[in-house]
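# Examining the three-dimensional arrangement
Here is what each chain is made of, one letter per residue.
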Amino acid sequence: MASYLDFEKNIQQIDEDLANAKIKGDDEAVKILEKNLEKETQKVYKNLSDYQRLQLARHPDRPYALDYIQAILTDAYEIHGDRTFRDDPAIVCYAGYIGGKKVIVIGEQKGRGTKDKLHRNFGMPHPEGYRKALRVAKMAEKFDIPILFLVDTPGAYPGVGAEERGQSEAIARNLYELSSLKTITIAVVIGEGGSGGALAIGVADKLAMMKNSVFSVISPEGCAAILWNDPSKCEAATKAMKVTADDLKNQGLIDDVIEEPMSGAHRDKENAIKNLSDYVLKAIEELEQYDKRELAALRMQKIFKFGAFSE
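Residues numbered from 1 in each chain as written. Predicted model: local features only at pLDDT ≥ 70, side-chain atom pairs only at ≥ 80, totals over all residues. Heavy atoms only, no water.

## Observations regarding unusual backbone geometry
Convention followed: Whether a residue is buried, partly exposed or exposed follows from its accessible area with a 1.4 Å probe, protein chains only, as a fraction of its type maximum: under 20%, in between, or over 50%, in that order. Strands are runs of DSSP state E lasting at least two residues, helices are runs of H or I lasting at least four, and both sets are numbered from the N terminus onward.
The backbone of Asn-121 sits at a positive phi, close to 55°, despite the residue not being glycine. Under the relative-accessibility criterion, Asn-121 is labelled buried at 16%. The residue Phe-122 is not glycine, and still its phi comes out positive at about 60°. By the element assignment, Phe-122 lies in the loop between α5 (114-119) and α6 (127-142).

## Regarding the domain arrangement of the chain
Under the convention used in this document: These domain limits were set by an automatic method or by a database of domain assignments. The contact criterion used is simple: two residues touch if any of their non-hydrogen atoms lie within 4.5 Å. The buried area of a pairing is the accessible area, by a 1.4 Å probe, that goes missing from both parts when the two are put together, added over both. Salt-bridge detection follows one rule: a side-chain nitrogen of Lys or Arg within 4 Å of a carboxyl oxygen of Asp or Glu. Counted as a polar contact is a pair of N or O atoms within 3.5 Å, where, for protein atoms, one must be capable of donating a hydrogen and the other of accepting one, and residues adjacent in sequence contribute only when both atoms are in side chains. Residue polarity is assigned by list, with Asp, Glu, Lys and Arg as charged and Ala, Val, Leu, Ile, Met, Phe, Trp, Tyr, Cys and Pro as nonpolar; anything else, Gly included, falls into the polar class.
Partitioning the chain into structural domains gives domain 1 (8-47) and domain 2 (61-305). The gap between the C-alpha centroids of domain 1 and domain 2 is 34 Å. At the interface, eight residues of domain 1 touch four residues of domain 2. In total, domain 1 and domain 2 occlude about 460 Å² of area from one another, counting both sides; carbon and sulfur atoms represent 59% of this. The interface formed by domain 1 and domain 2 includes one salt bridge. Salt-bridge contacts for Arg-267 lead to Asp-15; the nearest nitrogen and oxygen are separated by 3.0 Å. At the junction of domain 1 and domain 2, the tally comes to three residue pairs in polar contact (both at pLDDT 80 or more). Listing elements by their share of the side of domain 1 that touches domain 2, those giving two or more residues are α1 (9-24) and α2 (27-46). Sort the elements by how many residues they give to the side of domain 1 that touches domain 2 and α2 lands first, with five residues. A per-class count over the side of domain 1 that touches domain 2 returns three nonpolar, two polar and three charged.

## Concerning the pattern of salt bridges
Within this structure, the stated rule accounts for 23 salt bridges. A salt bridge links Glu-128 to Arg-86; the nearest nitrogen and oxygen atoms lie 2.7 Å apart. Taken as a pair, Glu-128 in helix α6 and Arg-86 in the loop between β1 (74-79) and β2 (91-98) lie far apart in primary sequence, 42 residues in all. By relative accessible area, Glu-128 is classed as buried at 1%. The partner of Arg-131 in a salt bridge is Glu-169, and the shortest N-O contact between them spans 3.0 Å. You can see Arg-131 sitting in helix α6 and its partner Glu-169 sitting in helix α8 (residues 167-179), a full 38 residues away along the chain. Residue class for Arg-131 comes out partly exposed when judged on its relative accessible area of 27%. Via salt bridges that share partners, Arg-131, Lys-138, Glu-141, Glu-169, Arg-173 and Glu-177 belong to a single interconnected network.

What follows is the structure, given as structure tokens:
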């Protein structure tokens with residue numbers, strides 16, 4: 001059953017009326033309602049606020065990492081474990097082909113349904129998840145295979161066990177190692193890019209965001225709680241933090257924005273997945289022009305520019 005956000009109520013009503021008209025076999029009503037749906041969809045999604053984009057980034061019907069992997073990866077083979085502690089289901093690693101190109105895909109998976117969400121820890125990785133990601137990334141480097149990172153997490157898991165096993169060290173190690181990795185790397189924020197949990201697999205030659213995704217150092221709720229001691233001011237915090245894809249592109253913090261269908265990835269998964277696949281193949285083709293040393297050097301130059309400003 002589809003989920004609807006507060007600003008999608010009119011769309012929900014038209015969807016329900018359209019479903020009833022189809023059941024009744026009323027073709028004339030179906031045509032009218034489909035036109036109304038198209039108009040309402042354009043009206044709602046054409047001028048979204050930052051807070052509405054945040055809500056879309058967290059939408060439960062939005063494609064998750066495994067949805068993209070299952071749709072675009074052929075001959076997929078999952079790689080498990082960090083070779084130290086355990087396999088963390090919040091991070092999934094696959095080897096396979098995208099459009100004939102051999103690729104390693106490393107993604108954060110939130111899970112659907114209560115059991116799966118618990119199994120995936122709501123997409124919040126433990127340190128062993130980041131160590132698994134790094135192990136697989138180093139393997140890709142050894143065999144000169146491009147890597148695609150799919151970022152979608154509210155943040156790294158902050159529990160006692162995770163801290164005992166070195167959560168901060170695991171994230172810092174990934175930042176350090178991925179910055180100098182000698183193979184093609186592409187990172188795409190497909191939903192919610194939260195804090196160090198996103199940064200830990202977000203260092204890449206190309207960092208892109210889906211149009212309705214967000215990327216931030218802290219959740220807007222956390223920001224509102226710290227600045228105003230009032231988590232209900234989440235909307236104001238979202239606007240002030242500049243967390244949307246367009247804002248981050250304008251600030252030079254990401255390389256590209258991947259367009260989504262007008263109605264959003266949650267209502268048109270097929271075209272959203274196609275847009276991401278097309279972007280990845282184009283990015284790989286562009287980055288293949290450089291040798292390994294050039295890639296690492298260009299990546300470091302880009303990183304050193306972050307935060308630079310002139311007065």
